[in-house]
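If you want the building blocks of each chain, they are given just below.
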Amino acid sequence: MSSAATKVAQSQPQPAAVAPPARPGTPVRQATDYSSYRVVAAKYPWRWVGTAVVALGVLAVAWSLATNPRWEWGVVAQWFTAQSVVKGLVETLKLTAISGVLGFVLGFTLALMRLSASPLLVSVSWTFSWIFRSTPLLVQMLLWYNLGYLYEKISLGIPFTDVRFFEVQTTTLISQFAAAVLGLTLNQAAYSAEIIRGGILSVDQGQLEAAATLGIPAWRRSTRIVLPQAMRAILPTAFNEIIGLVKGTSIVYVLAYSELFYTVQVIYNRTQQVLPLLLVATLWYIVITSVLSVFQYYIERHYSKGAVRNLPLTPLQKARKFFATHAAAPSRRNF
Amino acid sequence: MTETLTAPSATRGLVEITGVRKSFGPAEVLKGVSLTVEPGGVAVIVGPSGSGKSTLLRTINHLEKVDGGHITIDGQLVGYEVRGDRLHELREKDILKQRTEIGMVFQNFNLFPHLTALENVAEAPVVAQGRSKAEARRRGLELLDRVGLKDRADAYPRQLSGGQQQRVAIARALALDPKILLFDEPTSALDPELVNEVLDVIRELATSGTTLIVVTHEMGFARDVADTVVFMDQGQIVEQGTPQEIFTNPQEPRTRSFFSKVLEPAFNI
């Protein structure tokens, strides 16, 4: 490489190299043609050492996972798709989906309240987040489930009068499922409110001014101009929250609600195969998180429209490009 | 919405600013400013930074609420409505409607980065004026063509140069067929070699019958294009007149001292 560099340095002071199109007939010193040279990549030996050490560690972990009989992979396989486990999995997904959607809808409302000009709305929103972020989810869950102790009946009517349209026993209304959804939703709303508010604040004030000067109405301004830009800041944290929620649903076991985690607990209490069954639950949580990560990638990519000059290739497009370029005749490099 | 931009109409776009005051906290940035811009006129406001030029511009479309005085456009109050002997502040909906008659171009473009050039231009006519999407697109392409960017209609703002972005912003402001166009230092964020492509577009607009109010530091442009040059300092209009009067024979010492700093010697013959 050093000899090539010298050649470049030598050719530089030549006037021909400065004035681009050499006039025909003018004697020009032939510029060296490097197109036939082979490029040798720079070498980083320590990177290889590091890679080798880590690879060894990964291999050791994999080996122990595969060979230690106490993991009881046979038992894992046997229970992985068992009907009761799948049923628990469906409950977990149901809880996640319902409280995730409700939580973010409520969180969005709270975020707008917090950003409004009314001091009352601001303080109510602030207090909501303060309370629900300050109490452990476990406590909230038990509190909702035992609401019947505090209020025997729940009724709908005109406040401060005796008019009642509708009245129901609290214990019939708040089932395990309802308590679980209520607890998870309110907790989720408190956190997502802050995430959404942060996202909205990250959008430049000039965007709102530009929209206002164009006469774009307030609702359209939020949905078309601000939110799509806020999404870039909201999404990574929001997905963190949703993934947290997937596993957070496991706390519902305190209500004896048969979601994934409670289900495997019931099974291993009977069969005494504690670790393999915990592994079953873990693997399912990993599967859910992985699927969510794929969604996250593509949704984030969608909202990065216009934020980067050129969208990065998706893994699929990368693979296609890799095969396209490597299947074609080698040796010629593309600059 | 049958008026076309190219047809000069002397009946619309009269801006009358009367005794406007504005404070930000303890700082009074506009200390009773009065200015009249005739329909189809081109007023260029110059002056040192912090003199209140941009704030004055932003009061014209009610982006800044005035603390005192008033502004009318073709005799209609901006941001308020007269009922009996009181001025009622307009609701946002009505303010937005007024704003569709006043286009604004910002120093840092403020294009919507997640929308293409054409989407930027075609958004407001649909939601603020209820035009059909197809019509807004057709008109958007026309306007992009007019600023020389028809072939970049599908590019996102970040894929465009600063000068191109500002030209898209001008097309966006034109899409609502405004009576008045406000330019807030439209070339200040641009590299020197990109300034002229934007000024050329504004220059072309100056002959179109739309009232233009331009805040700028481009003195050459002000001399070429303005009917009226307004010199502002410390929240007041110090002097105004034709470019000839202001640039070659300023009366006030403050004006003279400002121009002696910003004008190149060759310019000040």
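Refer to the preceding data block for the structure.
**Q** Could you clarify how one ought to interpret the interface of chain B and chain A in this entry?
**A** A common measure of how large an interface is: the accessible area buried when the components associate. Counting residues at the interface gives 26 residues for chain B and 24 residues for chain A. When the buried surface of chain B facing chain A is broken down by residue, B:Phe112, B:His114 and B:Arg158 rank first, second and third, together holding 26% of it. Across the chain B-chain A interface, the total number found is four salt bridges. A salt bridge links B:Glu92 to A:Arg221; the shortest N-O distance between them is 2.8 Å. Inspection of the chain B/chain A interface yields eight residue pairs in polar contact (both at pLDDT 80 or more). Among the secondary structure elements, those contributing two or more residues to the side of chain B that touches chain A are α2 (92-99), β8 (102-105) and α3 (117-129) of chain B. Sorting elements by how many residues they give to the side of chain B that touches chain A places α3(B) first, with five residues. For the side of chain B that touches chain A, the residue count by class is 14 nonpolar, five polar and seven charged.

**Q** Looking at this model, I keep getting lost on the pairing of strand β2 (residues 164-169) of chain A. Mind explaining?
**A** Side-chain direction in a regular strand flips from residue to residue, so the side chains alternate between the two faces of the sheet. Pairing of strand β1 (residues 153-157) of chain A with β2(A) involves five bridges; the strand directions are antiparallel. Bridge assignment links A:Gly157 to a residue of β2(A), and that residue is A:Arg164.

**Q** Would you mind showing me how to read the sheet that holds strand β11 (residues 228-233) of chain B here?
**A** Strands belonging to one sheet form pairs held by backbone hydrogen bonds; the direction of such a pair is parallel or antiparallel. Residues and elements named next belong to chain B. Read from one edge of the open sheet, six strands run β8-β9-β10-β3-β11-β12, paired in mixed fashion. For this open sheet the edge positions go to β8 and β12 (236-241), each flanked by a neighbour on one side alone. Along the sheet, successive strands turn relative to each other by an average axial angle of 20°, direction set aside. With four bridges joining them, strand β3 (residues 42-46) and strand β10 (residues 211-215) adopt parallel strand pairing. Counted as the bridge partner of Val 42 is Leu 212 from β10.

**Q** Just to check I follow, could you spell out the packing of helix α12 (residues 218-248) of chain A against helix α14 (residues 274-303) of chain A for this structure?
**A** Two numbers describe a pair of packed helices, the interaxial angle and the distance between the axes. All names here are of chain A. Contact geometry of α12 with α14 gives a least axis separation of 10 Å together with a crossing angle of 175°. Classed by the angle they form, the pair α12 and α14 counts as roughly antiparallel. For the pair α12 and α14, the contacting residues are Pro 228, Met 231, Arg 232, Leu 235, Pro 236, Phe 239, Ile 242, Ile 243, Val 246 and Lys 247 in the first and Tyr 285, Ile 288, Thr 289, Leu 292, Phe 295, Gln 296, Ile 299, Glu 300 and Tyr 303 in the second. When its residues are assigned to classes, the contact of α12 with α14 shows 14 nonpolar, two polar and three charged.

**Q** Explanation requested: unusual backbone geometry in the structure shown.
**A** Peptide bonds are mostly trans, and most non-glycine residues show a negative phi. All names here are of chain B. One non-glycine residue with positive phi stands out, namely Phe 109, at about 65°. Looking at where Phe 109 falls in the secondary structure, it is placed in the loop between β8 and α3. You can call Phe 109 buried: its relative accessible area is 11%.

**Q** Can you help me understand the layout of surface pockets in this one?
**A** Left-over empty space is what a probe sized like a water molecule reveals as it rolls over the atoms. Residues and elements named next belong to chain A. The space that makes up the largest pocket amounts to roughly 450 Å³. Forming the walls of the largest pocket are 16 residues, and the residues nearest its centre are Leu 112, Leu 115, Ile 200, Leu 208 and Ser 222. Contributing elements (two or more residues each) for the lining of the largest pocket: α5 (83-115), α10 (176-201), α11 (205-213) and α12. Top element by residues in the lining of the largest pocket is α12. It accounts for five residues. Counted by class, the lining of the largest pocket contains eleven nonpolar, three polar and two charged residues.

**Q** What should I look at first to understand the pattern of salt bridges in this one?
**A** Pairing of side chains with opposite charge becomes possible as their charged atoms draw close. Scanning the model with the defined rule gives 23 salt bridges over all chains in all. When the shortest N-O distance is used, the salt bridge between B:Glu123 and A:Arg220 registers 2.8 Å. Highlighted residues: B:Glu123 in helix α3 and A:Arg220 in helix α12, drawn from two different chains. By relative accessible area, A:Arg220 is classed as partly exposed at 30%. A salt bridge links B:Arg21 to B:Glu28, with the nearest nitrogen and oxygen atoms 3.1 Å apart. Owing to a relative accessible area of 33%, B:Glu28 belongs among the partly exposed residues under this scheme. The network of salt bridges with shared partners includes B:Arg131, B:Glu135, B:Arg138, B:Arg139, B:Glu142 and B:Asp177.

**Q** Mind showing me how you'd approach the nonpolar core here?
**A** Where a protein is soluble and globular, its nonpolar side chains tend to be buried together. Residue and element names in this part refer to chain B. Core analysis: the largest hydrophobic core is formed by 49 residues, its most contacted members being Leu 144, Val 168, Ile 170, Phe 183, Ile 202, Leu 212 and Phe 259. Excluding residues within four positions of it along the chain, Leu 212 makes contact with Gly 41, Val 42, Ala 43, Leu 181, Phe 183, Ile 202, Leu 205 and Ala 206. Of all hydrophobic cores here, the second largest spans 36 residues; its members include Ile 17, Val 20, Ile 60 and Ala 124.

**Q** Hey, could you run me through the environment of B:Pro186 in this one?
**A** Residue and element names in this part refer to chain B. Examined against the element boundaries, Pro 186 turns out to sit in the loop between β9 (180-184) and α6 (192-206). On a C-alpha basis, the gap between Pro 186 and Asp 200 in space is 12 Å, while along the polypeptide they are 14 residues apart. Setting aside residues up to four positions removed in sequence, Pro 186 forms contacts with Val 105, Gln 166, Val 198, Ile 202, Val 214 and Val 215.

**Q** Would you mind going over α3(B) with me for this structure?
**A** Residue pairs spaced three or four apart in an α-helix point in one direction, given the helix's 3.6 residues per turn. The end-to-end C-alpha distance of α3(B) is 19 Å, a good match for the 18 Å that 13 residues give at a rise of 1.5 Å each. Looking only at α3(B), the buried set comprises B:Ala117, B:Leu118, B:Asn120, B:Val121, B:Ala122, B:Glu123, B:Ala124 and B:Pro125. Its buried side turned inward, α3(B) meets α12 of chain A together with α4 (133-146) and α5 (162-174) of chain B. In the stretch just after α3(B), B:Gly130 is the one whose phi turns positive, near 65°.

**Q** What is the right way to read the side chain of A:Gln229 from this model?
**A** Summarising the element assignment, A:Gln229 is placed in helix α12. The class for A:Gln229 is buried, based on a relative accessible area of 15%. Here A:Gln229 is in contact with A:Val203, A:Gln207, B:Pro113 and B:His114, once residues within four sequence places are set aside.

**Q** Before we go on, may I ask you to explain α11(A) in this structure?
**A** Summarising burial for α11(A): seven of the nine residues are buried, a large majority. Inspection of α11(A) places A:Gly206, A:Gln207, A:Glu209, A:Ala210, A:Ala211, A:Ala212 and A:Thr213 among the buried residues, and these make up the whole buried set. Elements that come into contact with the buried residues of α11(A) comprise α12 of chain A together with α1 (53-60), α2, β8 and α5 of chain B. Immediately downstream of α11(A), the backbone of A:Gly215 shows phi near 75°, a positive value.

Cut-offs applied
- Residues numbered from 1 in each chain as written.
- Chains lettered and ligands numbered in written order.
- Predicted model: local features only at pLDDT ≥ 70, side-chain atom pairs only at ≥ 80, totals over all residues.
- Heavy atoms only, no water.
- Contact = heavy atoms within 4.5 Å.
- Buried area = accessible area lost by both parts, 1.4 Å probe.
- Salt bridge = Lys/Arg side-chain N within 4 Å of Asp/Glu carboxyl O.
- Polar contact = N/O pair within 3.5 Å; in protein donor to acceptor, adjacent residues only side chain to side chain.
- Helix = DSSP H or I, 4+ residues; strand = E, 2+ residues; numbered from the N terminus.
- Nonpolar A, V, L, I, M, F, W, Y, C, P; charged D, E, K, R; others polar.
- Pairing = 2+ DSSP bridges.
- Axes fitted to C-alpha atoms, helices over the stretch in contact; angles between N-to-C directions.
- Parallel < 35°, antiparallel > 145°, perpendicular 65-115°, else oblique.
- Buried < 20%, exposed > 50% of the residue type's maximum accessible area, 1.4 Å probe, protein only.
- 1 Å grid on protein atoms, 1.4 Å probe; cavity = no way out; pocket = protein on both sides within 12 Å on 5 of 7 lines; lining within 4 Å.
- Points joined across faces, edges and corners; volume = space filled by probe spheres on them.
- Core = buried A, V, L, I, M, F, W, Y, C linked by side-chain atoms within 4.5 Å.
- Expected span 1.5 Å × (residues − 1).

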